[in-house]
Amino acid sequence: MKEELLDVIKYLKSKKVDYADARHVRAQAETIVVKDGKVESLSRLNDAGFGIRVLIGGGWGFASSSKLSGAEMRKTANQALEIARASATVAKEKVRLAPVESYRDKFVTAVRKDPFLVSLDDKINLLVSCCDILKKHPKIVVAEATMNFFDTEKIFVSTEGSIIEQKILESGAGYTATAADEGNLQRRSYPNSHGGDFATRGWEFIEEMDLLGNAERVRDEAVALLSAPNCPAGKKDIIITGSQMALQVHESCGHPIELDRVLGTEISLAGGSFMTLDKLGKLRYGSGRVNIVADATTPGGLGTFGYDDEGVRAQRADIIREGLFVGYLTSRETAPIIGASSNGTMRADGWNRIPLIRMTNINLLPGEWTLADLIADTKDGLLIDTNKSWSIDDRRLNFQFGCEAAWEIKDGKVGQLYRNLMYTGITPEFWNSCDAVTNEKHWHVWGVPNCGKGEPIQTAHVAHGASPARFRGVTVGATR
C-alpha cells in the first residue's frame, strides 16, 4: 500500500494543498473470555483501511475508506479536499502547524514471543486453570479470566516527505474473583481490575504475570472481604499501591493536561480542564516529591510507539517537575498556541478516525522510599489497593475513587482488612499532600487499553508508570 499512498500524496501536492497525510492501518485483535471455567467468548477481528487528512486555506478535511485501490484513494482524497475547502470558509482562525522534521523510518515493537503464534489451547487452558483455583471456595460465585492481543501495522506518508512504517504488538490478561454471601458482594482482581494489565510486549508478558501463582491469594482475599468491616470514615494518611496510583495519574493528571481539552475543542464528551493556559509554569500542582512525565519511549508501555499519527517522533516531555506544572500534551496544531513544538501525542484508534491528542505513558517517577520503610514510617493510616470505581468532575478537579481492599496501618504495621473503601479529594490539594513516593524496585508501567475520548468516541491504549506513594490527611470512608 505504500506506493498507492505515495501516489495519492503526489496528487494532493498537485492540488496545492497546505499539507496532507495519508495513513493505512491493518489491525488484528484477539479476545478470549473464560467464565467459571468455560469459554464465554472468543473472537479474532481483522480490519484494514486508510484515512487522508488535507489542510487547505487553513481548514481541515478528512475522509477514509476500506476499499484498498488506487482509484478509491483518489476518490477519497477528493472528498477530503472538498471538506477542507468547505471548512476553510467557516473557520474562525486558520490552522497553523508547528514545524516537524520529516522521517523515513520503521518501528517494530520488541517482542520475544508473538502472541498470535501461541496456540488457542495454551491460552484457554491457562485461563481455565486460573478459574478452577478461584472457584475452589463455595463463596466465590463468579470467576472470570480474560486475555487480549493486538497487532497493528501502520504506514504514514505526508506532503512533507515522511514515510513511516510501524508494527505494534500488545498483550494483556487478568482475572477477577467475585465472592458473595447474605446480600454482600466483594471482589478481588489480579494483576489489576478492569481486564488486568497490558503492555506492548509479547506472550512473555503473560508468562511473567504468574497468573496461576496469585490465584489462591486473590480468592482468599475476596472471601475475607465478606467478613471485613467497612472502612471507617475520617481523615487518614493513605499509601496507594501502584495500579490505583496509575488510575489516579490517568484521571487527575493525564486528562487535564490534554491541550485540546484545555482549549475547549474536545469538550463535548467529557468536559474541559482546570489546568488552563494561565497556570502553565505557575501552578503548584503537587509537592516537591511529585515528578510526572509524558514518555512515549518507555519500554513496554502501552502508550509506547515510534511516531504519532502526525509523523512526530515519540519523545519524553516534562509535565510536573518537582510539583510545578510545566507542560501539556500537544499536537502540531495546538503547540504553536503556547509557543511550543508538538510532543507527539496525536493518535487515532483506526483508519477511519481523525487523530486526537491522547495520553502516551504518563508516568509518576519513582522516589527513594522502600514500601516497607514507608509503611513503618506511617503511624495511623491505610494501605489501599486496586480500583473498583471512579468519579471525577468535568474539569478534573474533584474526584472520588472506590477500591477493592484496604488495610489499616497502625504504628508502622499492617493489620485489619477493610472493605468498601473510598477516598476523595481536590486534585492540587491531594497531590500537594504527597510526602513520599517509593523507589524503582516498586515501579511498574500499568497498561490502560480503554481510554475513551472524542465524538464519535475513540478508544486509546495508554499507560502509567507508578509506584506506591503516601498522601497525608486524605478524606476516606465507605461506599454503600
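These numbers were taken from a predicted model, which means no experiment stands behind them.

Comments concerning the overall build of the protein chain
Helix and strand content of the protein chain: ten helices and 23 strands. In summary, the protein chain has a C-alpha radius of gyration of 24 Å against a globular reference of 23 Å for 480 residues, a match within 12%. The C-alpha extent of the protein chain, read off along each of the three principal axes, is 70 × 55 × 35 Å. By sequence separation, contacts in the protein chain at least 24 residues apart represent 74% of the contacts at least 6 residues apart. For the protein chain, the accessible surface area stands at approximately 19600 Å², while carbon and sulfur atoms represent 49% of it. For the protein chain, the distance from the average position of its 59 positive side-chain charges to the average position of its 62 negative side-chain charges is 3 Å.

Remarks on the environment of aspartate 373
Assignment of secondary structure puts aspartate 373 in helix H9 (residues 371-376). Residues aspartate 373 and glycine 412, spaced 39 residues apart in sequence, show a C-alpha to C-alpha distance of 8.6 Å.

Comments concerning the sheet that holds strand S12 (residues 324-325)
Strand order in the open sheet formed by four strands is S12-S11-S10-S15, with antiparallel pairing between adjacent strands. Edge strands, defined here as strands with exactly one partner in the open sheet, are S12 and strand S15 (362-364). One ladder, built from three bridges, connects strand S10 (residues 292-295) with S15; its direction is antiparallel. By the bridge assignment for S15, isoleucine 292 is matched with leucine 364. Against the sheet, helix H6 (residues 242-254) contacts S10, strand S11 (316-321) and S15, and its axis sits at roughly 120° relative to S15.

Overview of the packing of helix H1 (residues 2-14) against helix H2 (residues 70-90)
As a packed pair, H1 and H2 sit with axes 10 Å apart at the nearest point and diverge in direction by 40°. Both H1 and H2 take part in a crossing whose hand is right-handed. For the pair formed by H1 and H2, the contact residues are Glu4, Leu5, Val8, Tyr11 and Leu12 on the first element and Gly70, Met73, Arg74, Ala77, Asn78 and Leu81 on the second. Taken together, the residues of the contact of H1 with H2 sort by class into seven nonpolar, two polar and two charged.

Side note on H1
Look at H1: 19 Å from first C-alpha to last across 13 residues, which is about the 18 Å you get at 1.5 Å a residue. The complete set of buried residues in H1 reads Leu5, Val8, Ile9, Tyr11 and Leu12. Buried residues of H1, seen end-on, are gathered within an arc of 155° and therefore sit on one face of the element. In H1, the exposed positions that point more than 90 degrees away from the buried face belong to Glu3 and Lys10. Looking at the buried residues of H1, the elements they touch are strand S1 (19-35), strand S2 (38-56), H2 and strand S5 (140-158). Backbone geometry just downstream of H1 places lysine 16 in the positive-phi region, at approximately 65°.

Topic: the packing of aromatic side chains
One pair of aromatic rings is described through two measures. These are the centre distance and the angle between the planes. The tally for this structure, following the rule as stated, stands at 15 aromatic pairs. Judged by centre distance (6.4 Å) and plane angle (70°), the ring pair of phenylalanine 116 and phenylalanine 149 falls under edge-to-face. On the criterion of sequence distance, the pair formed by phenylalanine 116 in the loop between strand S4 (104-108) and helix H3 (120-134) and phenylalanine 149 in strand S5 is long-range, its members being 33 residues apart. With respect to burial, phenylalanine 116 and phenylalanine 149 carry one shared label: buried. By way of ring pairs, the aromatic residues Tyr285, Phe399, Phe401, Tyr423, Phe430, Trp431 and Phe471 are connected into one cluster. Positioned over the ring face of phenylalanine 116 is lysine 123, at 6.0 Å from the centre of the ring. Against the face of tyrosine 19 rests arginine 332, its NZ or CZ located 5.3 Å from the ring centre.

Let's talk about the layout of surface pockets
Think of a ball as big as a water molecule: rolled over the atoms, this probe shows where empty space is left. Each pocket or cavity is described by its volume, and for the largest pocket that value is around 980 Å³. As for the largest pocket, its lining consists of 29 residues, of which Trp60, Val95, Thr265, Glu333 and Thr334 are closest to the centre. Sorting the residues of the lining of the largest pocket by element identifies strand S3 (59-65), H2, helix H7 (259-263) and strand S14 (356-357) as the ones contributing at least two each. Ranked by residue count, the leading element in the lining of the largest pocket is S3, at four residues. The residue makeup of the lining of the largest pocket, split by class, is 13 nonpolar, seven polar and nine charged. Of the pockets and cavities examined, the second largest pocket occupies roughly 720 Å³. Every element with two or more residues in the lining of the second largest pocket is listed here: S1, S2, S5, strand S6 (163-181) and strand S22 (458-466). Residue composition of the lining of the second largest pocket, grouped by class: 14 nonpolar, eleven polar and eight charged.

Brief notes about the nonpolar core
Membership of the largest hydrophobic core comes to 51 residues, with the highest contact counts inside it found for Ile238, Tyr285, Ile292, Tyr423, Trp431 and Phe471. Beyond its immediate chain neighbours, meaning those up to four positions away, tryptophan 431 contacts Met245, Gln248, Val249, Ser252, Tyr285, Gly286, Ser287, Val290, Ile292, Leu364 and Phe471. Of all hydrophobic cores here, the second largest spans 32 residues; its members include Leu134, Met147, Tyr190 and Leu211.

Some remarks on the packing of H3 against helix H5 (residues 211-227)
To characterise two packed helices, one gives the angle between the axes of the helices and the distance between these axes. Where H3 contacts H5, the axes come no closer than 8 Å and their chain directions differ by 25°. Judged by the angle between their axes, H3 and H5 are roughly parallel. Helix-helix and strand crossings are classified by hand; for H3 and H5 the assignment is right-handed. On H5, the residues that touch Leu126, Ser129, Cys130, Ile133 and Leu134 of H3 are Leu211, Leu212, Ala215, Glu216, Val218 and Arg219.

As for the pairing of strand S7 (residues 184-190)
Burial analysis of S7 places five of its seven residues in the buried class, which makes it a mostly covered element. Two strands pair when backbone bridges link them, and S6 and S7 are joined in this way by seven bridges, in the antiparallel orientation. Residue pairing across strands places threonine 176 opposite serine 189, the latter belonging to S7. Taking the residues that link successive antiparallel strands as the turn, the S6-S7 hairpin has two residues, and the phi of glutamate 182 there is positive, at about 45°.

Criteria and thresholds
- Residues numbered from 1 in each chain as written.
- Predicted model: local features only at pLDDT ≥ 70, side-chain atom pairs only at ≥ 80, totals over all residues.
- Heavy atoms only, no water.
- Helix = DSSP H or I, 4+ residues; strand = E, 2+ residues; numbered from the N terminus.
- Rg over C-alpha atoms; globule rule 2.2 N^0.38 Å.
- Contact = heavy atoms within 4.5 Å.
- Areas by Shrake-Rupley, 256 points an atom, 1.4 Å probe, with all protein chains shown as cover.
- Lys, Arg positive; Asp, Glu negative; His and termini not counted.
- Charge placed at Lys NZ, Arg CZ, Asp CG, Glu CD.
- Pairing = 2+ DSSP bridges.
- Axes fitted to C-alpha atoms, helices over the stretch in contact; angles between N-to-C directions.
- Left-handed = near helix turned anticlockwise from the far one by under 90°.
- Nonpolar A, V, L, I, M, F, W, Y, C, P; charged D, E, K, R; others polar.
- Expected span 1.5 Å × (residues − 1).
- Buried < 20%, exposed > 50% of the residue type's maximum accessible area, 1.4 Å probe, protein only.
- Arc of directions from axis to C-beta.
- Phe/Tyr/Trp six-rings, centres within 6.5 Å; stacked < 30°, edge-to-face > 60°.
- Lys NZ or Arg CZ within 6 Å of the ring centre and 35° of its normal.
- 1 Å grid on protein atoms, 1.4 Å probe; cavity = no way out; pocket = protein on both sides within 12 Å on 5 of 7 lines; lining within 4 Å.
- Points joined across faces, edges and corners; volume = space filled by probe spheres on them.
- Core = buried A, V, L, I, M, F, W, Y, C linked by side-chain atoms within 4.5 Å.
- Parallel < 35°, antiparallel > 145°, perpendicular 65-115°, else oblique.

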